[in-house]
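Spelled out from the first residue to the last, the chains are:
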Amino acid sequence: MTEDELGCFLSSSLVLESMLQDIENKAQNLRTIYFEEFPALYSPGVSLRLGELLHLNNIEMRCNDATCYARSELPSIAPSLETLTMSSLCEVTNAPTAPSKFLHLKYLCIHLYRVSPAYDYFSLASFFDASPSLEIFSLNLLQELMEHDWISGGSSDLRQMQRHCHHNLQRFKITGFGSAKSLVELTCYILESTLSLKCIMLDTTLQGAFRCSDSKSKKCFSMPKGNIMEAQKALLAIKKYIETKVPATVKLNVVEPCRRCHTIGV
Ligand SMILES: [Zn+2]
């Protein structure tokens, strides 16, 4: 199978989803791979053998439990990886900690459409710790409502991990930011471990929803009441736990629901 054929093959359609259980790659000079809707990678009988791809520098993948697979497998499969984009329709398994590194990874983008209530966002710090060259880290949370434990108590209740001082991360962004305790812990950990950060954006609104301020519409896209209340809790969490940890050299950009179109109040 040539590399072109393989690229076609891996990015192929949903028809392949129900048929393919086993893919073995022997095209070792691939530089980009995109695959989507592969069956759950850890299901019995499912096998994705990408081989050793020394020249691969870009992967875009869309599958369930993508963060667990990527953190576990990709450092050894693709040691030259520079950009990694993951979309997970259902994330259940936490990203594991591992000694392996993404030594060249500069851009990391994670889209999570739905996560288990037990999923620990703080486990994503494993990517951050493993990627000393990382410059941009973007996390997009797309589910309508968080079902995680809310943050409460004082800052001393936040979990701590041994910090790996990071010298290259410049931009960190979370859209769909909520009040989940593990999400606040992840944010605080990155803030406290990064010397190079220039800006951090925490967007408490729904991703992609148009706004009255920047669209031709006179009114913002409607937000369900539950999301408005979640945004309000997220704003309180930012104020209480995160703002105090933002160094003076870092620009904090907090996006909240439009006050003109959405009533904020419990
Ligand atoms: Zn508005």
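Residues numbered from 1 in each chain as written. Predicted model: local features only at pLDDT ≥ 70, side-chain atom pairs only at ≥ 80, totals over all residues. Heavy atoms only, no water.

1. Topic: the overall build of the protein
For the record, the criterion: Numbering goes from the N terminus for both helices and strands, where a helix is a DSSP run of H or I of at least four residues and a strand is a run of E of at least two. Throughout, exposure labels follow a simple rule: accessible area from a 1.4 Å probe, protein chains only, divided by the maximum for the residue type, with under 20% read as buried, over 50% as exposed, and the rest as partly exposed. Here, two residues are considered to be in contact whenever any of their heavy atoms come within 4.5 Å of each other. Note on areas: Shrake-Rupley, 1.4 Å probe, and residue coverage restricted to the protein chains presented here.
The helix and strand tally for the protein stands at six helices and 10 strands. Split into buried and exposed, the 266 residues of the protein put 47% on the buried side. Expressed as a percentage of contacts within the protein between residues at least 6 apart in sequence, the contacts between residues at least 24 apart total 79%. Carbon together with sulfur atoms contributes 53% to the accessible area of the protein, which is approximately 13200 Å² in total.

2. What to know about the sheet that holds strand 5 (residues 83-88)
What counts, and what does not: Any two strands with at least two DSSP bridges between them are considered paired. As a rule, the C-alpha atoms of each element are fitted with a line to give its axis, helices using only the stretch in contact, and angles between N-to-C directions run from 0 to 180 degrees.
What the eight strands build is an open sheet, ordered 2-4-5-6-7-8-9-10; its pairing is parallel. Each edge of the open sheet carries a strand with a single partner, namely strand 2 (32-36) and strand 10 (251-255). Each adjacent strand pair in this sheet contributes to an overall mean axis angle of 5 degrees, direction not counted.

3. Points about the side chain of Ser 196
Just so we agree on the cut-off: Here a polar contact is recorded for every N or O atom pair within 3.5 Å, except that within protein the pair must consist of a potential hydrogen donor and a potential acceptor, and residues adjacent in sequence are included only if both atoms are side-chain atoms.
Turning to its location among the elements, Ser 196 is positioned in the loop between helix 5 (181-193) and strand 9 (199-203). Engagement of the side chain of Ser 196 in a polar contact is seen with the backbone nitrogen of Asn 168, the distance being 3.1 Å. What Ser 196 contacts, discounting residues up to four positions off in sequence, is His 166, His 167, Asn 168, Leu 169 and Gln 170.

4. Considering the coordination of the zinc ion
Filter applied, for reference: The rule for donors is simple: N, O or S, within 2.8 Å of the metal, or within 3.2 Å if the metal is Na, K or Ca. Water isn't counted, so a site may look like it is missing partners. The geometry test gives tetrahedral to four donors whose angles all lie between 85 and 135 degrees, gives square planar to four donors and octahedral to six donors whose opposite members are over 155 degrees apart with all other angles between 65 and 115, and gives irregular to the rest.
Ligation of the zinc ion by protein atoms is provided by Cys 212 (SG), Cys 220 (SG), Cys 258 (SG) and Cys 261 (SG), these donors lying 2.3 to 2.4 Å from the ion. Coordination at the zinc ion is tetrahedral: its four donor atoms span angles of 106 to 113 degrees at the metal. Look at where the donors of the zinc ion fall in the sequence and you get C-x7-C-x37-C-x2-C. In this pair, Cys 220 is assigned in the loop between strand 9 and helix 6 (225-242) and Cys 258 in the segment after strand 10, connecting sequence segments 38 residues apart.

5. Focus: the confidence of the model for the protein
Where we set the bar: pLDDT runs from 0 to 100 and stands for how confident the predictor is about each residue.
The share of residues in the protein with pLDDT of 70 or more is 85%, and the mean pLDDT across the chain is 84. Element-level pLDDT for the protein is lowest in helix 2 (residues 14-19), with a mean of 43, against a maximum mean of 97 in strand 6 (residues 107-112). Counted against residues more than four places away or in other chains, residues 10-18, with its pLDDT under 50, gives 11 contacts.

6. As for the environment of Leu 158
Tracing the sequence through the fold places Leu 158 in the loop between strand 7 (136-141) and strand 8 (171-175). Expressed as a C-alpha distance, the spacing of Leu 158 and Glu 185, which sit 27 residues apart in the sequence, is 6.1 Å.

7. A few points about the environment of Asn 29
Counting through the fold element by element, Asn 29 comes out in the loop between strand 1 (22-24) and strand 2. Residue classification places Asn 29 among the partly exposed residues on the basis of a relative accessible area of 45%. Put simply, Asn 29 and Glu 52 are 23 residues apart on the chain and 9.4 Å apart in space, counted from C-alpha to C-alpha.

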